[in-house]
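Listed here are the chains, written in short residue letters.
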Amino acid sequence: MTHSNSTTTLILGATSAMAEHSARLLATDGDALFLAARNPEDLAPMAEDLKVRGASAVTILPAFDALKPDTFADIINQAAPFDRVLIAHGSLPDQEDCQDSLSKIKQELQINFQSTVDLCTLCAEKFIDQGSGTLAVISSVAGLRGRQSNYIYGAAKGGLNTFLQGLRNRLQTKGIRVITLLPGFVDTPMTADIKKGPLFISAEQAGICIHKAITKSKSDIVYVPSFWRFIMWIIRSIPEPIFKRLKL
Amino acid sequence: MSTPTSWGNLPHTTATLLPVNRRKAAFPAVEDKVLPYGLGRSYGDSCLNDKGTLLLTRGMDRWISFDEETGIICCEAGVSLDEILRLASPKGWFLPVTPGTRFVTVGGAIANDVHGKNHHKAGSFSTCVLDFELLRSDQSRTLCSRSKNASLFHATIAGLGLTGLITFATLQLRRIVSPMIEVEQIRMHHLNDFFRLADESNHSHEYTVAWIDGLARGESVGSGIFIRGNHASEASDLSWKAKKTAAIPLNAPSWLLQKQSVKIFNALYSKKVKGERQAGSEHFLPFFYPLDAVDNWNRLYGKRGFYQYQCVVPRDGNRGPIHEILDRIANSGQASFLAVLKVFGDQKPEGLLSFARAGVTLAMDFPNRGPKTLKLMNELDEVVRQAGGALYPAKDARMNPEDFKMAYPALNTFTEKIDPAFSSSFWRRMHT
Ligand SMILES: Cc1cc2nc3c(=O)[nH]c(=O)nc-3n(C[C@H](O)[C@H](O)[C@H](O)COP(=O)(O)OP(=O)(O)OC[C@H]3O[C@@H](n4cnc5c(N)ncnc54)[C@H](O)[C@@H]3O)c2cc1C
Ligand SMILES: NC(=O)c1ccc[n+]([C@@H]2O[C@H](COP(=O)([O-])OP(=O)(O)OC[C@H]3O[C@@H](n4cnc5c(N)ncnc54)[C@H](OP(=O)(O)O)[C@@H]3O)[C@@H](O)[C@H]2O)c1
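So, a few notes on the structure that sits alongside this text. (Residues numbered from 1 in each chain as written. Chains lettered and ligands numbered in written order. Predicted model: local features only at pLDDT ≥ 70, side-chain atom pairs only at ≥ 80, totals over all residues. Heavy atoms only, no water.)

Some remarks on the packing of helix α1 (residues 17–28) of chain A against helix α2 (residues 43–53) of chain A
Residues and elements named next belong to chain A. Contact geometry for α1 and α2: axes closest at 8 Å, N-to-C directions at 35°. Considering how the two elements wind past one another, α1 and α2 form a crossing that is right-handed. Contact residues: α1 offers E20, A23, R24, A27 and T28, while α2 offers M46, D49, L50 and R53. Its residues assigned to classes, the contact of α1 with α2 comprises four nonpolar, one polar and four charged. (Axes fitted to C-alpha atoms, helices over the stretch in contact; angles between N-to-C directions. Helix = DSSP H or I, 4+ residues; strand = E, 2+ residues; numbered from the N terminus. Left-handed = near helix turned anticlockwise from the far one by under 90°. Contact = heavy atoms within 4.5 Å. Nonpolar A, V, L, I, M, F, W, Y, C, P; charged D, E, K, R; others polar.)

See below:
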């Protein structure tokens, strides 16, 4: 159900608080939206909301579970053709709980890295055929430097950053944009149990940054919000011999 | 455990905060007592639940439907009135009743059955509520309206969040053709002026309210500015954007709201009106929500916080109980710069515990200066009690449980409708 005059955006992991707030702004722009999430029934209230906000069409896709890679191609085919994709799903594991369990590490890497790589690859193929497209992926500043407190998650996001960089490099001549979104701390269900400090922003504010990155800005790598570029510049410039001794 | 606050920054409580983001999710399994918490714009302890759990409703902020032909809007209970105005007013629909801040949730507006400057014409918030869904701790979901589950409907309106969690509500909005309000501001020299203007405007003006100089004494009691308005009838551009708000970043030092600064403020405010009368048109934002222009203005009262005292008393002539109350406040010298006076209409309230009822209502802030402030309010209570008036739970942190029982005669019927898993600091205070 695409509308010829409106932009079509596919959102994977659409129940994510950041994705929902980004979707609200895309809806206000009049986008046609395809939504996919683990529990499609959770998406019904969101779909109603997006219609009231002005989405030209909202379609709920069959269940998308990052642990079920066999379903990915079908989900993407059902949404195609689309102009943009926002990949938002992710999981923040308890580091101590997973660091010594090979099966848990594998699962986290599947959710935070491998599934997204698969999805990007499938979407890139569509965009190459179309000759255009925008691929936006929510990664994390946690992927920019490994820390003992969350290096499984960080490694997945770091791998993702490198993958996206390469993909961008490959697709840039083909008129396809690849956007790496790097949130810092966002107040969402994922961080519900973390004490909120001054660096936290709301999911709504994150949505505003993401929407701008997708629709207006020309940047390839977007910090959410922008002050994280500065914070991460400092963190990345600490020499490893010192960094390895820090408790971060 | 976190330390949630109400607007008055008192009392200090702790609670577990539990966001409820999905209206279709099951009622959360919680051991201790729960209470919904919207935007925390209630002043005292009616939105607090010391040592219990607060169900944060702001994440339930989705639209369900909006019919631009009929003005019927259905939304989740954590949607704010600000968001309704942003969506609906550019399309010519407005809130039939709005309190003095737009940063309240639909659930909060229902749970206190809030009133606005048009109570004499429109009644309180319930009048625009067509129905709502109530999720109770036994996992039941009940659609409540005047015709379906009416007893739960009337208990939940002004039900102080104790009858269950409102998940969504349907509201009937009203038409506007312009975002402007035709406003008249008239100087009042004493309380007689207030009553004369209120009577005179009762039919001619949809909105009436008076700002009172709480420090004025003797014959000047009741001096201030009477403000009345109507929606502009001439069509004009309905689009708008709120100006960036200023913010008070930190709690202010306590000298700020001493008598001298209040005097200066009052003098300045009163100078806003040149001569005896001033007319013009004003956007609905500054007209309804002057205080919303400054974020967290409640921090001006410092870390000790402040009380708001809001009562309604029968009018009883022009020198009735309200005169006595204003007199006592003026003599105490404790008044602050926010004092509002309004005559309520005589529509029958729809909630078992609705506050707004026929009479005159006064709302005034008092910086918390400890026993001296409590003593003054206890003295005001005497007048309210004698007159058969009522205090507003949404603004209360200190009323006497006996006065509560007297002022809310449907209390027993209400109590039967409480969800056994729910409680609040206010409710426990009323039952000790
Ligand atoms: C500047 C200012 C001006 C004001 N002017 C007015 C005025 O003119 N008239 C007036 O009447 N009031 C006024 N108020 C008070 C305010 O309108 C009420 O206290 C309102 O109820 C606050 O709504 P809230 O969303 O912040 O709710 P909260 O303060 O968080 O909660 C209020 C009550 O609603 C309950 N509640 C919240 N959500 C739900 C839900 N989903 N289901 C069930 N119960 C729920 C809570 O349990 C609590 O009992 C004013 C307040 C301020 C700060
Ligand atoms: N919050 C932060 O501080 C922060 C910081 C940096 C980066 N991020 C990243 O931001 C993105 C969005 O997260 P959020 O903060 O908005 O948190 P969120 O609201 O908790 O969203 C997480 C999303 O991931 C989905 N998900 C989890 N496991 C899944 C699986 N196996 N299959 C499919 N979907 C799955 C969840 O689906 P369900 O609704 O079904 O659970 C949910 O939609 C994530 O990629 C996260 O890593 C977050």
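Notes on the site of ligand 2
All names here are of chain A. What surrounds ligand 2 is a group of 27 residues, the closest being T15, A17, R38, Y153 and T188. Separating an oxygen atom of ligand 2 from a backbone N or O atom of M18 is a distance of 3.1 Å. One of the side-chain nitrogen or oxygen atoms of R38 is found 2.7 Å away from an oxygen atom of ligand 2. Taking 890 Å² as the accessible area of ligand 2 by itself, protein coverage stands at 91%. (Near = heavy atom within 4 Å. Polar contact = N/O pair within 3.5 Å; in protein donor to acceptor, adjacent residues only side chain to side chain. Areas by Shrake-Rupley, 256 points an atom, 1.4 Å probe, with all protein chains shown as cover.)

With respect to the sheet that holds strand β5 (residues 72–76) of chain B
Pairing is antiparallel in the open sheet, where five strands are placed in the order β4-β5-β9-β7-β8 (chain B). Each edge of the sheet is formed by a strand with only one pairing partner; in this case those strands are β4 (63–67) and β8 (141–145) of chain B. Here the strands of the sheet are splayed against their neighbours by 15° on average, with no regard to which way each runs. Examined bridge by bridge, strand β7 (residues 129–135) of chain B and β8 of chain B share five bridges and lie antiparallel to one another. Among the inter-strand pairings, D131 of chain B is bridged to a residue of β8 of chain B, identified as S145 of chain B. Packed onto the sheet, α2 of chain A meets β4 and β5 of chain B and runs at close to 35° relative to β4 of chain B. Across the face of the sheet, helix α1 (residues 81–88) of chain B comes into contact with β4, β5 and β9 (165–172) of chain B while running at roughly 40° to β4 of chain B. (Pairing = 2+ DSSP bridges.)

With respect to the pairing of strand β3 (residues 57–60) of chain A
All names here are of chain A. One ladder, built from four bridges, connects strand β2 (residues 32–36) with β3; its direction is parallel. Within β3, the residue paired with F34 across the bridge is T59. Of the crossover connections in this fold, the one passing from β2 over α2 to the parallel β3 is right-handed. (Right-handed = clockwise from strand over helix to strand, strands pointing away.)

As for the packing of aromatic side chains
Inspection of every chain in the model, using the stated rule, returns 27 aromatic pairs over all chains. Judged by centre distance (5.3 Å) and plane angle (10°), the ring pair of F132 of chain B and F153 of chain B falls under stacked. Residue F132 of chain B is found in strand β7, and its partner F153 of chain B is found in helix α4 (residues 150–156); the two are separated by 21 residues along the sequence. Lying across the ring of F200 of chain A, K196 of chain A places its NZ or CZ 5.3 Å from the centre. Lying across the ring of F287 of chain B, K117 of chain B places its NZ or CZ 5.3 Å from the centre. (Phe/Tyr/Trp six-rings, centres within 6.5 Å; stacked < 30°, edge-to-face > 60°. Lys NZ or Arg CZ within 6 Å of the ring centre and 35° of its normal.)

A short note on the layout of surface pockets
Empty pockets left among the atoms are what a rolling probe the size of a water molecule brings to light. All names here are of chain B. Of the pockets and cavities examined, the second largest pocket occupies roughly 260 Å³. Lining the second largest pocket are 13 residues, and of these A242, K243, L285, P286 and A293 lie nearest its centre. Among the residues forming the lining of the second largest pocket, the class breakdown is six nonpolar, two polar and five charged. (1 Å grid on protein atoms, 1.4 Å probe; cavity = no way out; pocket = protein on both sides within 12 Å on 5 of 7 lines; lining within 4 Å. Points joined across faces, edges and corners; volume = space filled by probe spheres on them.)

Some details on helix α6 (residues 151–171) of chain A
Residues and elements named next belong to chain A. Over its 21 residues, α6 extends 29 Å from the first C-alpha to the last, a length consistent with the 30 Å expected when each residue adds 1.5 Å. The complete set of buried residues in α6 reads I152, Y153, G154, A156, K157, G158, L160, N161, L164, L167, R168 and L171. Buried residues in α6 make contact with α4 (95–98), α5 (102–130), β5 (133–138), β6 (176–183) and β9 (221–224). (Expected span 1.5 Å × (residues − 1). Buried < 20%, exposed > 50% of the residue type's maximum accessible area, 1.4 Å probe, protein only.)

Points about the interface of chain A and chain B
At the junction of the two partners, chain A supplies twelve residues and chain B supplies twelve residues. Between chain A and chain B, the buried area comes to about 1,000 Å², and carbon and sulfur atoms account for 46% of it. Per-residue buried area on chain A facing chain B is highest for P45, E48 and V52 of chain A; these three make up 45% of the total on that side. Here chain A is connected to chain B by three salt bridges. Note that E20 of chain A and R62 of chain B form a salt bridge whose closest N and O atoms lie 2.6 Å from each other. Only α1 and α2 of chain A provide two or more residues apiece to the side of chain A that touches chain B. The element that contributes the greatest number of residues to the side of chain A that touches chain B is α2 of chain A, accounting for six residues. (Buried area = accessible area lost by both parts, 1.4 Å probe. Salt bridge = Lys/Arg side-chain N within 4 Å of Asp/Glu carboxyl O.)

Digging into the site of ligand 1
Residues and elements named next belong to chain B. Taken together, 35 residues lie around ligand 1, and P36, R41, S42, T105 and Y392 are the ones closest in. In this structure, L160 approaches ligand 1 through a main-chain N or O atom, which is 2.9 Å from an oxygen atom. The separation between an oxygen atom of ligand 1 and a polar side-chain atom of Y392 is 2.7 Å. When residues of the shell around ligand 1 are traced back to their parent elements, those giving at least two are β2 (34–37), α2 (106–111) and β9. Here the residues of the shell around ligand 1 sort into 19 nonpolar, 14 polar and two charged.

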